[in-house]
There are 2 protein chains.
Amino acid sequence: MLKAERQKYIMTKLIEDQKVVTTDLALALDLSEDTIRRDLNELDSKKLLEKVYGGAVQVSRKSTDVFDIYISAEEEKKQIVTKALSLLRDDQVIIMSGGSTNLVFAKLIPANLKATIYTYSLPIAMQLSQHPNIDLIFIGGKMQKNAMVTIGMDVIQVVSKIKADICFIGASSINVKQGLTEIGYEISIVKKAMIEASDKVVSMFSSDKLNTKMPHSVCDLSQLDTIVTNLDPQDARLEEYKKAGVLVL
Amino acid sequence: MLKAERQKYIMTKLIEDQKVVTTDLALALDLSEDTIRRDLNELDSKKLLEKVYGGAVQVSRKSTDVFDIYISAEEEKKQIVTKALSLLRDDQVIIMSGGSTNLVFAKLIPANLKATIYTYSLPIAMQLSQHPNIDLIFIGGKMQKNAMVTIGMDVIQVVSKIKADICFIGASSINVKQGLTEIGYEISIVKKAMIEASDKVVSMFSSDKLNTKMPHSVCDLSQLDTIVTNLDPQDARLEEYKKAGVLVL
DNA sequence: CAAAATAATGCAGTTGTATGCAATAAATAA
DNA sequence: TTATTTATTGCATACAACTGCATTATTTTG
């Protein structure tokens, strides 16, 4: 039995019984108590449980943040979205797609901004529901569960009736020739509708998305007004995008 | 045997067994462990699996709980909703209102249940998006931000078109004369629509809601099929409800 | 087609990790 | 308090993983 497997077992048992006992685990897994203790210490230091004399108990939930989604390279994303905050104005109507970059953006929207935001992403809606001055409208439909966004015709229908000032689109892939492309067909058509519905189109992404390609086209560069990346706008890698008429922040 | 073929085999085995062991794979594929390790490293860097000491395991589905909402008296609520799990069947169409009791219910729905669930509560949708076998449909509209639910005509319109087998309604207040009542007008009409749309109506709440009253009527007792509380069904406080024809769990 | 470049594989030596055991320390229970 | 249980520490052993290198396929190029 692998160590990782064993620790998973311990976590499962912990959730079932609310606690685990060192000696019981050693018996059940046919291992020395020392090993179990080492596992418990490890899991404890990862804050996945709390070690106590004789075993371990569940970790008491924190309460500062409403939810707990892992965001890779969060610092980098903060830098990106901070640049985009300058695009926000009071009384705008905004559409936001899903994606962790947009989620970071939602977290950083200043508390005094008054605006109307449409979104179809659950985490973003959760985040924005904490904001005191934003009118929030969730676009319903069938959920794509892993991404926690709604998709399909219901979404398209609602989006196509919005008259938005600006939309913020997450990007899976972008390159000069094909523009924005997506891995999923359904997401691609939703994003097309977002672009149709908005006066201004902004996309935020990190530089590793540059010059990559996915199967389903969203739009070409001419339809993007602004892109925001972690690179300096003067960076050579962005040269071609600027030539195509896109504003680079 | 091609490398690609081999890696496919590894991925298949990983899904079957939840894990793979380096030495076993080397034996089964008649290759050195080094080669297997190189494969595992490759697949790891593609994030298709997670390499661990001795082998590899499946990529950890984000932490079990995606978010972190404080639920008062969670243990009591667990006891209530556990009783209600017996009402669930495969292939049902279900509508769920918001509320922390329903959220606890959502957490405890067995992983093997296959059903379609409509909801207009963000936390419940987040929770259910973790469920492997549920078709989830979110009912969009304007968000009532403190409660994290959508409300208004958009919601009513969608709900009134659903043909549901069963709905689970959280209760603010219930008493024998007025039935279910709510503090907010908008929520009350959404719940009315839910009841219209469902063959069977279930409400779960703790006993402190019994014999209390709010301004806006939802329905009277005759429209409720089942109520689920923390009390023993034989408890005297539930006598009148049973006389009114409600099934008490 | 042959030659060259590239990739894949296995091997040996080294490094790192996991585990159990024994001795000792700390915490709990009587 | 003492006795008992549980934890910690250092150490030895076994095994897994990594490194660099040689060998063999495979692909690319002239």
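Conventions adopted
Residues numbered from 1 in each chain as written. Chains lettered and ligands numbered in written order. Predicted model: local features only at pLDDT ≥ 70, side-chain atom pairs only at ≥ 80, totals over all residues. Heavy atoms only, no water. Helix = DSSP H or I, 4+ residues; strand = E, 2+ residues; numbered from the N terminus. Rg over C-alpha atoms; globule rule 2.2 N^0.38 Å. Buried < 20%, exposed > 50% of the residue type's maximum accessible area, 1.4 Å probe, protein only. Contact = heavy atoms within 4.5 Å. Areas by Shrake-Rupley, 256 points an atom, 1.4 Å probe, with all protein chains shown as cover. Lys, Arg positive; Asp, Glu negative; His and termini not counted. Charge placed at Lys NZ, Arg CZ, Asp CG, Glu CD. Core = buried A, V, L, I, M, F, W, Y, C linked by side-chain atoms within 4.5 Å. Disulfide = S-S within 2.5 Å. Salt bridge = Lys/Arg side-chain N within 4 Å of Asp/Glu carboxyl O. Near = heavy atom within 4 Å. Polar contact = N/O pair within 3.5 Å; in protein donor to acceptor, adjacent residues only side chain to side chain. Nonpolar A, V, L, I, M, F, W, Y, C, P; charged D, E, K, R; others polar. Pairing = 2+ DSSP bridges. Buried area = accessible area lost by both parts, 1.4 Å probe. Axes fitted to C-alpha atoms, helices over the stretch in contact; angles between N-to-C directions. Left-handed = near helix turned anticlockwise from the far one by under 90°.

Asks: Explain the overall build of chain A here, please?
Replies: Secondary structure assignment for chain A yields nine helices and 15 strands. In terms of overall dimensions, chain A is more spread out than a globule: its C-alpha atoms have a radius of gyration of 23 Å, far above the 18 Å expected for 249 residues. Buried residues in chain A amount to 48% of all 249 residues. The long-range fraction of contacts in chain A, counting pairs at least 24 apart against all pairs at least 6 apart in sequence, stands at 59%. Element-wise, carbon and sulfur atoms account for 50% of the exposed surface of chain A, whose accessible area totals about 12100 Å². Taking the average location of the 31 positive side-chain charges in chain A and that of its 32 negative ones, the two points are 1 Å from each other.

Asks: Would you mind showing me how to read the nonpolar core here?
Replies: Buried together is how nonpolar side chains tend to be arranged in soluble globular proteins. The biggest cluster of nonpolar side chains holds 62 residues, and the ones touching the most others in it are Phe168(A) and Phe168(B). Core analysis: the second largest hydrophobic core is formed by 37 residues, Ile151(A), Val159(A), Val201(A) and Phe205(A) among them.

Asks: Hey, could you run me through the state of the cysteines in this one?
Replies: Covalently bonding the sulfur atom of one cysteine to the sulfur atom of another cysteine gives a disulfide. Enumeration over the complete set of coordinates arrives at zero disulfides over all chains. No disulfide involves Cys167(B); its nearest neighbouring cysteine sulfur is the one of Cys219(B), lying 8.8 Å away.

Asks: Looking at this model, I keep getting lost on the pattern of salt bridges. Mind explaining?
Replies: It is possible for side chains bearing opposite charge to pair when their charged atoms get close. Applying the stated criterion across every chain, the model contains 18 salt bridges over all chains. Notably, a salt bridge pairs Asp235(A) with Arg237(A), separated by 3.1 Å at the nearest N-O pair. With relative accessibility at 46%, the residue Arg237(A) sits in the partly exposed group. Two residues, Lys107(B) and Glu74(B), come together in a salt bridge whose shortest N-O distance is 3.6 Å. Of this pair, Lys107(B) sits in helix 5 (residues 100–108) while Glu74(B) sits in helix 4 (residues 74–84), and the two are 33 residues apart along the sequence.

Asks: Would you take a moment to explain the protein's contact with DNA strand D for this structure?
Replies: Neighbouring DNA strand D are 20 residues, the closest being Arg37(A), Gly54(A), Arg37(B), Tyr53(B) and Gly54(B). A distance of 3.3 Å separates a phosphate oxygen of DNA strand D from a polar atom in the backbone of Gly55(A). If you list the elements that add at least two residues to the surface near DNA strand D, you get helix 2 (22–29), helix 3 (33–45) and strand 2 (50–52) of chain A together with helix 2 (22–29), helix 3 (33–45) and strand 2 (50–52) of chain B. Grouping the amino acids of the surface near DNA strand D by side-chain chemistry returns four nonpolar, ten polar and six charged.

Asks: What should I look at first to understand the sheet that holds strand 7 (residues 141–144) of chain A in this one?
Replies: One key point about sheets: their strands pair by backbone hydrogen bonds, in either a parallel or an antiparallel sense. Across the sheet, which stays open at both edges, the nine strands sit in the order 8(A)-7(A)-6(B)-5(B)-4(B)-9(B)-12(B)-14(B)-15(B) with mixed pairing between neighbours. Of all strands in the sheet, those bounded by a partner on one side alone are strand 8 (149–151) of chain A together with strand 15 (247–248) of chain B. Examined bridge by bridge, strand 5 (residues 115–119) of chain B and strand 6 (residues 134–138) of chain B share five bridges and lie parallel to one another. Considered in strand 6 of chain B, the bridge of Ile117(B) is made with Leu136(B).

Asks: Got a minute to help me understand the interface of chain A and chain B in this structure?
Replies: Size of an interface, as often reported, equals the accessible area lost when the parts are brought together. Facing the 36 residues of chain A at the interface are 42 residues of chain B. Here chain A and chain B share an interface that buries about 2900 Å² over both sides, 57% of which is from carbon and sulfur atoms. Among the ionic pairs, Lys142(A) bridges to Asp135(B), the shortest N-O distance being 3.3 Å. For the pair chain A and chain B, the interface holds eleven residue pairs in polar contact (both at pLDDT 80 or more). Here the residues of the side of chain A that touches chain B sort into 20 nonpolar, eight polar and eight charged. Here two bridges tie strand 6 (residues 134–138) of chain A to strand 7 (residues 141–144) of chain B, and the two strands are oriented antiparallel to one another. When the bridges of strand 7 of chain B are listed, Ile137(A) appears paired with Lys142(B).

Asks: How should the protein's contact with DNA strand C be read in this particular structure?
Replies: The environment of DNA strand C is formed by 16 residues, the closest being Arg6(A), Thr35(A), Arg38(A), Arg6(B) and Thr35(B). Tyr53(A) places a polar side-chain atom, nitrogen or oxygen, 3.4 Å from a base nitrogen of DNA strand C. Arg6(B) has a polar side-chain atom sitting 2.5 Å from a phosphate oxygen of DNA strand C. Of all the elements in the fold, those that place two or more residues in the surface near DNA strand C are helix 1 (3–17) and helix 3 of chain A together with helix 1 (3–17) and helix 3 of chain B. Among the residues making up the surface near DNA strand C, the classes are represented as four nonpolar, four polar and eight charged.

Asks: What is the right way to look at the packing of helix 4 (residues 74–84) of chain A against helix 5 (residues 100–108) of chain A in this model?
Replies: Pairs of packed helices are described in terms of their axes, by the angle between the two and the distance that separates them. Residue and element names in this part refer to chain A. Helix 5 packs onto helix 4 with a crossing angle of 65 degrees between their chain directions and a minimal axis gap of 9 Å. Crossing of helix 4 against helix 5: the hand is right-handed. For the pair helix 4 and helix 5, the contacting residues are Glu 74, Lys 77, Lys 78, Val 81, Thr 82 and Ala 84 in the first and Ser 100, Thr 101, Val 104, Phe 105, Lys 107 and Leu 108 in the second. Split into classes, the residues belonging to the contact of helix 4 with helix 5 amount to five nonpolar, three polar and four charged.

Asks: Sorry, what's going on with the sheet that holds strand 13 (residues 216–219) of chain A here?
Replies: Residue and element names in this part refer to chain A. Overall, antiparallel pairing links the three strands, which are arranged 10-11-13 in an open sheet. The sheet is open, and its two borders are formed by strand 10 (173–175) and strand 13, each paired with just one other strand. Taking the axes of each pair of neighbouring strands and ignoring which way they run, one obtains an average angle of 35 degrees across the sheet. When strand 10 meets strand 11 (residues 179–182), the two strands line up antiparallel, connected through three bridges. Counted as the bridge partner of Asn 175 is Gly 179 from strand 11. Against the sheet, helix 8 (residues 185–197) touches strand 11 and strand 13, its axis set at about 10 degrees to strand 13.

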